[in-house]
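Secondary and tertiary structure notes
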Amino acid sequence: MQDKIEDRLSTALIDGEIKPGDTVTVGAHHGEITVKVKAPAAKKLVKANQ
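The shown structure was predicted, so the numbers you read here are calculated from the model rather than taken from an experiment. (Residues numbered from 1 in each chain as written. Predicted model: local features only at pLDDT ≥ 70, side-chain atom pairs only at ≥ 80, totals over all residues. Heavy atoms only, no water.)

**Re a nonpolar patch on the surface**
Rule in force here: For patch building, the residue pool is restricted to those with more than 30% relative accessible area and no salt bridge; the joining distance is 9 Å between like charges and 5 Å between nonpolar side chains (Val, Leu, Ile, Met, Phe, Trp, Tyr). Note on areas: Shrake-Rupley with a 1.4 Å probe; residue coverage comes only from the protein chains shown. The salt bridge definition used is simple: a Lys or Arg side-chain nitrogen within 4 Å of an Asp or Glu carboxyl oxygen. Under the scheme used here, helices are H or I runs from DSSP no shorter than 4 residues and strands are E runs no shorter than 2 residues, and both carry numbers assigned from the N terminus.
A surface patch of nonpolar side chains, amounting to about 180 Å² of accessible area, comprises Val 24, Val 26 and Val 37. Looking at the element boundaries, Val 24 is found in strand β1 (residues 23-29).

Structure follows, in structure tokens:
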């Protein structure tokens, strides 16, 4: 099981699916390892009133 997860994560990293700051969730669906990647929410810039 560990090898299957590591293989899937390695492939996702090499293919550029996972970037620094992303949140990765590993699971299983119908016997296959799944990897879901969520990019961090964009920070909203607020200008100070002058």
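**Remarks on the pattern of salt bridges**
Definition in use: Exposure is judged per residue with a 1.4 Å probe applied to protein chains only, and the accessible area is read against the type maximum: over 50% gives exposed, under 20% gives buried, and values in between give partly exposed.
This structure, assessed with the given rule, holds one salt bridge. Linking Arg 8 and Glu 17 is a salt bridge whose minimum nitrogen-to-oxygen distance equals 3.6 Å. Judged by relative accessible area, Arg 8 falls into the partly exposed class, the value being 26%. Given the relative accessible area of 34%, Glu 17 is considered partly exposed.

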